Amino acid sequence: MRFGTRRMVFLSLLISLGTALHLVEALLPLPLPFPGVKLGLANIVTLLALHLFGLREGMTVSLMRVLLGSLLSGMFLSPGFLLGMSGAIFSTLLMSALLKHSSCFSMIGISMAGAAAHNSGQLLAASLLLQSTALLLYLPLLLLAGIPSGIFTGYLLNSLLQHHKKSGILSDFFEQNSFNDRRN
Amino acid sequence: MTKGDKLLLAVLLLFSTLSTGLLYSRFSSFSRSSSALQAVISVHGDVVRTVSLPVATRTALTVQGRVGPSIVEIEGSRVRMREAPCPGRICINQGWVGQPGQSIVCMPGEILIRIEGASPLDGVTR
């Protein structure tokens, strides 16, 4: 834990940002007839943590986001919470695996795969919860809906990272010396 | 977008559209016909009549309850208690029921009318 405090502060920021996005998104009604379809904006934060740090930090951000979001919206331990938890675990694991091959994929592809894994994980938990495999018939529709939202969040993250590459806005938080360098 | 992104996009699109098309063309009839509705009438816990819904013509059944005969009316796929000798008339005032899981209860007569069948919903979550 060399950069302990700095990293903790940054992760906390990411978690609160993710929680805020999670809650704002729950307020946005999408004019679609399918339940469970949403933008997945909070995924940006998970993917950012995975990219900047690694699996452990990404998983922490993602799980804490789901936990805090459910507590704040009063859905802790509800079926929706369990589905979200399972989706978050699946998508974080898959995105972390794909990030190891980030030469093949940009953030758009990884985010798309994350959306697909999130939906699959959710439906898997739902069918376990309801003891019925009939729900899996819904998977193709959810996968289809996940493609545009995956592209959208991936595009946002790509832009953020490009901006970071140019201006280094994020470096203060996870590079030990950048802060002091600028002061001296 | 890199080459890998495009490949992934193509695979996802292909898989989801193909399987959507396949599933919904094969199972569209199956998902609609799965609700076999029936009205189950029981007195003192014993089933006395089972009527498959919907019925073609409006019918009235006389059910012998604990406090006398009651008349149950069935029209289409809904059921009501038309006449009952009980003092409270709660069962009559309840009106028509027709959704799976709904029921009419006459406490003095110990008559229970229940609509059975597959619910249109498997479960509800938010």
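Source: prediction; values computed, not measured.

Quick notes on the rules
- Residues numbered from 1 in each chain as written.
- Chains lettered and ligands numbered in written order.
- Predicted model: local features only at pLDDT ≥ 70, side-chain atom pairs only at ≥ 80, totals over all residues.
- Heavy atoms only, no water.
- Contact = heavy atoms within 4.5 Å.
- Buried area = accessible area lost by both parts, 1.4 Å probe.
- Salt bridge = Lys/Arg side-chain N within 4 Å of Asp/Glu carboxyl O.
- Helix = DSSP H or I, 4+ residues; strand = E, 2+ residues; numbered from the N terminus.
- Nonpolar A, V, L, I, M, F, W, Y, C, P; charged D, E, K, R; others polar.
- Core = buried A, V, L, I, M, F, W, Y, C linked by side-chain atoms within 4.5 Å.
- Buried < 20%, exposed > 50% of the residue type's maximum accessible area, 1.4 Å probe, protein only.
- Pairing = 2+ DSSP bridges.
- Axes fitted to C-alpha atoms, helices over the stretch in contact; angles between N-to-C directions.

**Q** So what exactly am I meant to see when it comes to the interface of chain A and chain B here?
**A** Much of the literature gives interface size as the accessible area that the parts lose upon coming together. In this assembly, 19 residues from chain A lie in contact with 19 residues from chain B. Of the roughly 1800 Å² buried between chain A and chain B on both sides combined, carbon and sulfur atoms contribute 77%. Summed over the three residues of chain A that lose the most area to chain B, namely A:Leu137, A:Pro140 and A:Ile147, the buried surface amounts to 26% of that side. Scanning the region where chain A abuts chain B turns up zero salt bridges. Of all the elements in the fold, those that place two or more residues in the side of chain A that touches chain B are helix H4 (79-99), helix H5 (107-130) and helix H6 (139-167) of chain A. Residues that form the side of chain A that touches chain B fall into these classes: 16 nonpolar, three polar and no charged.

**Q** Looking at this structure, I do not really get the nonpolar core. What am I missing?
**A** Within soluble globular proteins, side chains that are nonpolar generally end up buried alongside one another. Ranked by internal contacts, the top residues of the largest apolar core, which has 36 residues, are A:Leu14, A:Leu47, A:Leu48, A:Val61, A:Ile110 and A:Leu157. Among the elements of the structure, helix H1 (4-27), helix H2 (42-52), H4, H5 and H6 of chain A together with helix H1 (3-32) of chain B are those that each provide at least two residues to this core. Leave out the neighbours within four places in its chain, and A:Leu157 touches A:Ile44, A:Leu47, A:Leu48 and A:Met107. Within the second largest apolar cluster, 23 residues are counted, among which are B:Val51, B:Val55, B:Cys86 and B:Cys91.

**Q** Honestly, the sheet that holds strand E6 (residues 103-106) of chain B in this entry has me stumped. Any pointers?
**A** Hydrogen bonds between backbone atoms are what pair the strands of a sheet, whose relative direction is either parallel or antiparallel. Residue and element names in this part refer to chain B. The strand order across the open sheet built from four strands is E2-E1-E7-E6, with neighbouring strands paired in antiparallel fashion. In this open sheet, the two edge strands, each paired with only one partner strand, are strand E2 (46-52) and E6. Looking at each pair of strands side by side, their axes are set apart by 15° on average, direction ignored. As judged from the four bridges shared by E6 and strand E7 (residues 111-116), these two strands associate in the antiparallel manner. Across the sheet, residue Ile104 finds its bridge partner in E7, namely Ile113.

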